[in-house]
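Spelled out, the chains give:
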Amino acid sequence: MLWLIHACGDSTMVKQLKEVLQDGLYNRKFIIGSSITLLFFAMALLSYTWTPHSVEEINIAVKLAKPSLEYWLGTDHFGRDIFSMLIFGARNSVIVAMVAIVIGMGVGVPLGLIAAAKKGWIDETIMRFNDFTFAFPALISAIMITAILGPGSVNSIIAIGIFNIPVFARITRGTALSLWKREFILAAKSAGKGSIQISLEHILPNASNILIVQATIQFALGILAEAGLSYLGLGTQPPAPSWGKMLNDAQTFIHFAPQLAIYPGLTIAITVLGLNLFGDGLRDVLDPKLRRSR
Amino acid sequence: MMPVLEVKDLSVSLHTPRGLVRLISQIDFSLNPGEKFGIVGESGCGKSLTALSIMSLLPANAIMSGEIWFQGKNIQNLTEKQLRRMRGNRISMIFQEPMSALNPVKTIGAQIAEGLLLHLRINKKEAEIRTKQLLDSVGLPVSRFSLNLFPHQLSGGQRQRVMIAIAIACQPDVLIADEPTTALDVTVQERILDLINEIVEDSRMSLLMISHDLGIIAQTTERMVVMYAGNIVESGTTVDVFQSMVHPYTYGLFSAIPKPNRHLHARERLYSIPGQVPEPDARPVGCNFADRCFQVEEICRITPPDMKIIHGQHKVACYRPISHK
Ligand SMILES: Nc1ncnc2c1ncn2[C@@H]1O[C@H](COP(=O)(O)OP(=O)(O)O)[C@@H](O)[C@H]1O
Ligand SMILES: [Mg+2]
């Protein structure tokens, strides 16, 4: 891995990235977390080019098969290949969680920046609206929103995205408020910059580490929420495979084919754990104070 | 000659949990074009607040009264947009802590270029050329200092040079230096002061040098005021104040400076003014310095003294100025 880091060019961006990666190699949480996360993304990408079997192909003759060379993790009650379904489910989870983060950050970060820059009634309004949306637990609000919009993967993306908005608004505002008190902001003001420019040129770049870490956490939560919604039949609709749907299907056979529940359950758990470790490790690696003390 | 900057009867109060506290009052001075002017006083006496008032950057909970005229305009009548066009362009400021006054995640090149692009009508290419010239002129030649360095990769003195480059980027008419060398080593201090002096003289800017250090004021200014607990207590040409200080506080400040050629135990014998500076919310009724003054009289504790002329430009706020006859 090191040679890859060294092989890169020498622009400042790359240099910073190099530093982060080099530090990352000494952080166990970061290594484990990023490996799991990479594996998960690789699975999702793999689904575009290759899966051992088609996931829509129903073959009752081989239903509930044991793991074999042909079916690595066995088959489900319709004879579909479980491993292939897990790979497809990964793609589904990535897309839902990723787009939901884009929605959450796209709306939440500007709201947080505005709230911190303008203070006063604008801040009040934004934050009260935030409290309102925040009052509902993730899954409950997602269920409410899909109940209104109707089930389906697009609507579950919107639901999770909306849930992400106040999270990002709040953390952006909090970080921005403390940054606004720093002396370099006063210096930026004394250089003639206005609040929009300061928010974009000074606040946002200094908040980016915190936002990136929060994004990995929301990513994990998004995957959980998507699985939950699909489990309830409100998310991804069959025949498109999703981890939550697999869990739901497995319920019927829980006594004589528990592996049907164990595989997707374990996959969800490991992925979420990996993402959380990754976020945690990233927090340490990105923290300039920790870095300098090393 | 019309002054480029005039501060008239400036007072600043702050809303605090304990009520409205007056931090500075009746600050009066003016700065002529190309002049080097100093404000000296102990930490906490209100020097930075005076500077921020001039930049119109007081905290939101501050209340200002009095007038500040910059280039013939009362800055209180300027819109926010006009103020932004003034700051960093016609009047700019160097801060005490170069580490905290620079954005930690941006390269020094970007931070200098930003100001240029904001105020001057130039494109990125021209801004980069100008940035290199600026770094050159503050003693950070591009042959050795890349534009892509981050603040944490520089020493304190080098960072302050970057701050200076940012401040002078648009060739302002007034440069405010608020304790520009307080955070630096003594050897570096000298070179930074020389640099500021050189720049100010070369481009005929006016300099407002703020420091708690009389030596720095002597070295860099032509006229000066002495501040104590939010007031100006003495003002005049730097030569006047240094040669014949008349306020007991100024006198105390001078006596507190270690003089060279004294013998080894000079430190212990150094005079220090008895007592402490009163907190802004616990200032006495009369003269703020009364409790620490070695020649305090009854009147000093009743009403604060007004500024009165000693001779020429030399003024003092004291009922019993020290006589030099
Ligand atoms: N934002 C603030 N809130 C409360 N008190 C302040 C604030 N800014 C300055 N002060 C007080 O105002 C006084 C003058 O401060 P300042 O102008 O920074 O002094 P100086 O620059 O001379 O050291 C000090 O007593 C300081 O405690
Ligand atoms: Mg100060």
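Keep in mind the model is a prediction, meaning the values are calculated, not measured.

Calculation rules
Residues numbered from 1 in each chain as written. Chains lettered and ligands numbered in written order. Predicted model: local features only at pLDDT ≥ 70, side-chain atom pairs only at ≥ 80, totals over all residues. Heavy atoms only, no water. Helix = DSSP H or I, 4+ residues; strand = E, 2+ residues; numbered from the N terminus. Buried < 20%, exposed > 50% of the residue type's maximum accessible area, 1.4 Å probe, protein only. Contact = heavy atoms within 4.5 Å. Areas by Shrake-Rupley, 256 points an atom, 1.4 Å probe, with all protein chains shown as cover. Phe/Tyr/Trp six-rings, centres within 6.5 Å; stacked < 30°, edge-to-face > 60°. Lys NZ or Arg CZ within 6 Å of the ring centre and 35° of its normal. Pairing = 2+ DSSP bridges. Axes fitted to C-alpha atoms, helices over the stretch in contact; angles between N-to-C directions. Buried area = accessible area lost by both parts, 1.4 Å probe. Salt bridge = Lys/Arg side-chain N within 4 Å of Asp/Glu carboxyl O. Polar contact = N/O pair within 3.5 Å; in protein donor to acceptor, adjacent residues only side chain to side chain. Nonpolar A, V, L, I, M, F, W, Y, C, P; charged D, E, K, R; others polar. Left-handed = near helix turned anticlockwise from the far one by under 90°. Near = heavy atom within 4 Å.

Draft legend 1. Summary view of the overall build of chain A. The number of helices and strands found in chain A is twelve helices and zero strands. Structurally, chain A occupies a C-alpha span of about 75 × 50 × 30 Å along its principal axes. Every one of the 294 residues in chain A was classed for burial, and the buried ones make up 49%. Considering only intrachain contacts with a sequence separation of at least 6, the fraction spanning at least 24 residues in chain A is 67%. By element, 70% of the accessible surface of chain A is carried by carbon and sulfur atoms, the whole surface being about 14,300 Å².

Draft legend 2. Just the packing of aromatic side chains, in detail. Residue and element names in this part refer to chain A. Counted by the stated rule, this structure contains twelve aromatic pairs over all chains. Three or more aromatic residues joined by ring pairs form one cluster here, namely Phe 40, Phe 41, Phe 219 and Trp 243. Sitting over the ring of Tyr 48, Arg 91 keeps its end group 3.9 Å from the ring centre.

Draft legend 3. Inspection of the pairing of strand E3 (residues 36–40) of chain B at higher detail. Residue and element names in this part refer to chain B. Taking burial as the measure, the five residues of E3 include five buried ones, the bulk of the element. Of the two faces of E3, the one lined by Lys 36, Gly 38 and Val 40 and the one lined by Phe 37 and Ile 39 are each fully buried. Bridging between E3 and strand E8 (residues 206–211) involves five bridges; their strand directions are parallel. Opposite Gly 38, over in E8, you have Met 209 as the bridge partner. Bridging between E3 and strand E9 (residues 223–228) involves four bridges; their strand directions are parallel. When the bridges of E9 are listed, Gly 38 appears paired with Met 224.

Draft legend 4. View of the sheet that holds strand E5 (residues 73–74) of chain B. Residue and element names in this part refer to chain B. Pairing is antiparallel in the open sheet, where four strands are placed in the order E2-E1-E4-E5. A single partner strand is all that each edge strand has here, and the edge strands are strand E2 (19–31) and E5. Pairing of strand E1 (residues 5–16) with strand E4 (residues 62–70), which is carried by eight bridges, proceeds in the antiparallel orientation. By the bridge assignment, Glu 6 is partnered in E4 with Trp 69. Running over the sheet, helix H1 (residues 47–55) touches E1, E2 and E4 and is turned about 75° from E2.

Draft legend 5. Broad picture of the interface of chain B and chain A. Contact with chain B, which involves 23 residues of that partner, is made by 18 residues of chain A. Across the chain B/chain A interface, buried area totals approximately 1,800 Å², and carbon plus sulfur atoms make up 61% of it. With a shortest N-O distance of 2.4 Å, B:Glu114 and A:Lys193 are connected by a salt bridge. Counting across the interface, chain B meets chain A through eight residue pairs in polar contact (both at pLDDT 80 or more). Mapped by element, the contributors of at least two residues to the side of chain B that touches chain A are H1, strand E6 (91–94), helix H3 (98–101) and helix H4 (108–119) of chain B. A per-element tally of the side of chain B that touches chain A places H4(B) first, with three residues. Its residues assigned to classes, the side of chain B that touches chain A comprises twelve nonpolar, six polar and five charged.

Draft legend 6. The arrangement of the side chain of A:Gln214 in detail. Residue and element names in this part refer to chain A. Counting through the fold element by element, Gln 214 comes out in helix H9 (residues 195–231). You can call Gln 214 buried: its relative accessible area is 14%. Each residue touching Gln 214, except ones within four places of it in the same chain, is listed here: Val 167, Phe 168 and Ile 171.

Draft legend 7. Inspection of the packing of helix H4 (residues 82–118) of chain A against H9(A) at higher detail. All names here are of chain A. Packing of H4 against H9 leaves a shortest axis separation of 8 Å and a crossing angle of 145°. Along this stretch, H4 crosses H9, giving a crossing that reads as right-handed. On H9, the residues that touch Asn 92, Ser 93, Val 94, Val 96, Ala 97, Met 98, Ile 101, Met 105, Val 109, Leu 113, Ala 117 and Lys 118 of H4 are Ser 195, Ser 199, Ile 203, Leu 204, Leu 211, Ala 215, Gln 218, Phe 219, Gly 222, Ile 223 and Glu 226. In the contact of H4 with H9, the residues fall into 15 nonpolar, six polar and two charged.

Draft legend 8. Quick peek at the pattern of salt bridges. Tallied over the full model, the rule gives 23 salt bridges over all chains. As a salt-bridge pair, B:Glu42 and B:Arg292 come within 3.9 Å of each other at their nearest N and O atoms. In this pair, B:Glu42 sits in the loop between E3 and H1 while B:Arg292 sits in the loop between helix H11 (266–269) and strand E11 (308–311), placing the two residues 250 residues apart along the sequence. The class for B:Arg292 is buried, based on a relative accessible area of 8%. With its nearest N and O atoms 3.4 Å apart, the salt bridge here joins B:Glu297 to B:Arg320. With B:Glu297 in the loop between H11 and E11 and B:Arg320 in the segment after strand E12 (314–316), this residue pair connects regions lying 23 residues apart in the sequence. Overall, the relative accessible area of 30% leaves B:Glu297 in the partly exposed class. By relative accessible area, which is 39% here, B:Arg320 ends up partly exposed. In this structure, a network of salt bridges that share partners links the residues A:Lys29, A:Asp280, A:Arg283 and A:Asp284.

Draft legend 9. Seen up close, the pairing of E11(B). Residue and element names in this part refer to chain B. Two elements, E11 and E12, share three bridges in a ladder whose sense is antiparallel. Directly across from Ile 309, in E12, lies its bridge partner Lys 315. The loop that links E11 with its antiparallel partner E12 comprises two residues; one of these, Gly 312, has a positive phi angle of about 60°.

Draft legend 10. Structural context of the environment of B:Ile309. All names here are of chain B. Relative to the assigned elements, Ile 309 resides in strand E11. A C-alpha to C-alpha distance of 16 Å links Ile 309 and Thr 250, two positions 59 residues apart in sequence. If we ignore the near neighbours within four places in the chain, the residues touching Ile 309 are His 314 and Lys 315.

Draft legend 11. The arrangement of the site of ligand 1 in detail. Residue and element names in this part refer to chain B. Around ligand 1, the surrounding shell consists of Leu 14, Leu 23, Glu 42, Ser 43, Gly 44, Cys 45, Gly 46, Lys 47, Ser 48, Leu 49 and Pro 280. In this structure, an oxygen atom belonging to ligand 1 sits 3.3 Å away from a main-chain N or O atom of Cys 45. Between ligand 1 and the protein, one listed contact pairs an oxygen atom with a side-chain N or O atom of Ser 48 at 2.6 Å. In isolation ligand 1 offers 560 Å² of accessible surface; the protein chains occlude 62% of this area.

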